[in-house]
Amino acid sequence: MSPIDAVRQADPYPYYASLVAERPFSFDEELGLWVAAGARAVDAVLSDPTLRVRPADAPVPPGIVGTPAGDVFGNLVRMTDGDLHDRLKDVVVTALGRVDRAQVVKLAADRAARTERLDELMFNVPAQVVATVCGLDDGHSAEAARLIGDFVRCLPASATPDDLTAAATAAAALRDLMGPALDRRSGSLLGDLVRAAEGADWHETGPLLANGIGFLSQTYDATAGLIGNTLLALARHPAPADLTAFVDEVVRHDAPVHNTRRFAVAPFRFGDAEVEAGQSVLAVVAAANRDPEVNPDPHEFRADRADPVVFTFGAGPHGCPGQTLAVAITVGVVGELLGNGFDAASLPDQVDYRPLPNIRIPVLSVAS
Ligand code: HEM
């Protein structure tokens, strides 16, 4: 098995445990990259400024340079380092910090009540909720959710020419759809983004709009995975008294994001290992979540863990500012299903996972 194949295995956790115990930081000859699996290694990798989120010679994937998708990509806090990242990150964190959690739970529950299929609940509802929070009306938020599914096709390294064309078309349409909501007078997330930017003396709207689109793309796959993995966890563990605590433990125990990459611009040392400039590192956050050095009895599912150490939302300068939002959406959707008599035992014992290199999303297409 490799850390990339592991993402879609029914139970990758014994393999991850062997990496943590025997090879917490090592070079994988087959993949041609370093693999960090232990909690200390993952923390060090995600915190070190010499390890960047993009290769130095390709800040934007070559296939989308010069297209609307490339313009969006190049301005995302997720995809940039240094000064641009740090300034925009503060703006993004401030704006997302103003989102009303209770309102998000309710919006997600309302949308879920109007949605029949589980796969739509997993993908469309979270994106629609975030689009609504951004300031789009019902019709436009449904359209934005559809378009973002096309935009994310440009993100994997395996994207085909068709994927890149679809992403470029979607990025242009998303800019048209979301641009009008980028108004400081509106009480929405995009209004907050403009006001936070003004407070930080940032007046360029292009990067703000790109990061508004980024909110949708960051939501899309990962929150689908969190909802799907939570539904499967409900079939395997006792019914929760506290749904939020249950979802938080799913985040650690069966993470929707399994790994993320870094690219060295200068030598990086971890213990005796030295990563050379130009090499890349895979930080396996789902393995680090189960490192016994940071979480006792890490393979046990316990919704009442005190202070678990969790890497699913990253760590260090690129840590995810959308955690509260993602968990609130999941609680809204799953709470609505449970309230309507959804029986997790009706889910199949064996499920397939989507063939993605880093995000763990079960294929659940049955009606809810
Ligand atoms: C279950 C859902 C989610 C998971 C597991 C997740 C996980 C992550 C992870 C691991 C990173 C860091 C990647 C890295 O360091 O390489 C990240 C970054 C980010 N996430 Fe999330 N995320 C989720 C949902 C969201 C949502 C709902 C939003 C906002 C609407 C969001 C916004 C962002 C942004 C803006 C970044 C870039 C931060 C930076 O680079 O400084 N995420 N996310």
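Residues numbered from 1 in each chain as written. Predicted model: local features only at pLDDT ≥ 70, side-chain atom pairs only at ≥ 80, totals over all residues.

Moving on: the environment of A17. In this fold, A17 is placed in helix α1 (residues 13-22). Here the alpha-carbon distance between A17 and R236, two residues 219 residues apart in the chain, equals 20 Å. (Helix = DSSP H or I, 4+ residues; strand = E, 2+ residues; numbered from the N terminus.)

A word on the packing of helix α7 (residues 138-151) against helix α10 (residues 205-236). One way to put it is that α7 packs onto α10 with a least axis distance of 9 Å and a crossing angle of 75 degrees. Relative to α10, the element α7 is oriented roughly perpendicular. Between α7 and α10, the contacting residues are A144, I148, G149 and F151 on the first element and I213, L216, S217 and Y220 on the second. Its residues placed into classes, the contact of α7 with α10 shows six nonpolar, two polar and no charged. (Axes fitted to C-alpha atoms, helices over the stretch in contact; angles between N-to-C directions. Parallel < 35°, antiparallel > 145°, perpendicular 65-115°, else oblique. Contact = placed C-beta atoms within 7 Å. Nonpolar A, V, L, I, M, F, W, Y, C, P; charged D, E, K, R; others polar.)

What the five strands build is an open sheet, ordered β1-β2-β7-β4-β3; its pairing is mixed. Each end of this open sheet is capped by a strand with a single partner; those strands are β1 (25-28) and β3 (51-52). Pairing between β3 and strand β4 (residues 260-264): two bridges, direction antiparallel. By the bridge assignment for β4, L51 is matched with A264. The sheet strands contacting helix α2 (residues 39-47) are β1, β2 (33-36), β3, β4 and β7 (280-283), and the helix crosses β7 at an angle near 125 degrees. (Pairing = 2+ DSSP bridges.)

Moving on, we come to the site of the ligand. In the vicinity of the ligand there are 26 residues, among which A222, G314, H318, C320 and G322 approach most closely. For the shell around the ligand, the secondary-structure elements that each account for two or more residues are α4 (82-97), α10 and α13 (323-339). In terms of residues, the shell around the ligand owes the most to one element, α10, which gives seven residues. Residues that form the shell around the ligand fall into these classes: 15 nonpolar, nine polar and two charged. (Near = placed C-beta within 6 Å.)

One finds A36, V42, A108, F151 and V284 to be the most contacted residues of the largest nonpolar core, which totals 118 residues. If you tally residues by element for this core, the top one is α10, at 14 residues. Apart from residues lying up to four places away in sequence, V42 is in contact with A36, A283, V284, V285, A288 and F311. (Core = buried A, V, L, I, M, F, W, Y, C linked by C-beta atoms within 7 Å. Buried ≥ 20, exposed ≤ 12 C-beta atoms within 10 Å, placed from the backbone.)

So, on to helix α5 (residues 101-113). Residues spaced three or four apart along an α-helix point in a common direction, a consequence of the helix completing one turn every 3.6 residues. Its 13 residues give α5 an end-to-end C-alpha distance of 18 Å, which sits within 8% of 18 Å, the value for a rise of 1.5 Å per residue. Structurally, α5 contributes buried residues whose contacts are with α6 (118-134) and α13. (Expected span 1.5 Å × (residues − 1).)

Quick look at unusual backbone geometry now. Even without a glycine there, the phi angle at D201 is positive, about 60 degrees. With respect to the secondary-structure elements, D201 resides in the loop between α9 (189-199) and α10. Even without being glycine, D297 reaches a positive phi, approximately 45 degrees. As for its position among the elements, D297 is in the loop between α12 (285-288) and α13. The exposure class assigned to D297 is exposed, which follows from the 10 C-beta atoms found within 10 Å.

On to the pairing of β2, then. Moving residue by residue along a regular strand, the side chains alternate between the two faces of the sheet. As defined by bridge partners, β1 adjoins β2 across four bridges and the pair is classed as antiparallel. Directly across from S26, in β2, lies its bridge partner V35. Linkage of β1 to β2, two consecutive antiparallel strands, is achieved through a turn of four residues, within which G32 is found at a positive phi near 70 degrees. Where β2 and β7 come together, three bridges link them in parallel fashion.

A few words on α4. Compared with the 22 Å implied by 1.5 Å per residue over 16 residues, the 22 Å span of α4 between its first and last C-alpha is a close match. All buried positions along α4 are accounted for by L88, V91, V92, A95 and L96.

Looking now at the packing of α5 against α6. It is the contact of α5 with α6, at a shortest axis distance of 9 Å, that shows an interaxial angle of 135 degrees. It follows from the interaxial angle that α5 and α6 lie oblique. The handedness of the crossing between α5 and α6 is right-handed. Residues V104, L107, A108, R111 and A112 of α5 form the contact with α6, whose participating residues are L121, V125, Q128, V129, T132 and V133. Residue composition of the contact of α5 with α6, grouped by class: eight nonpolar, two polar and one charged. (Left-handed = near helix turned anticlockwise from the far one by under 90°.)

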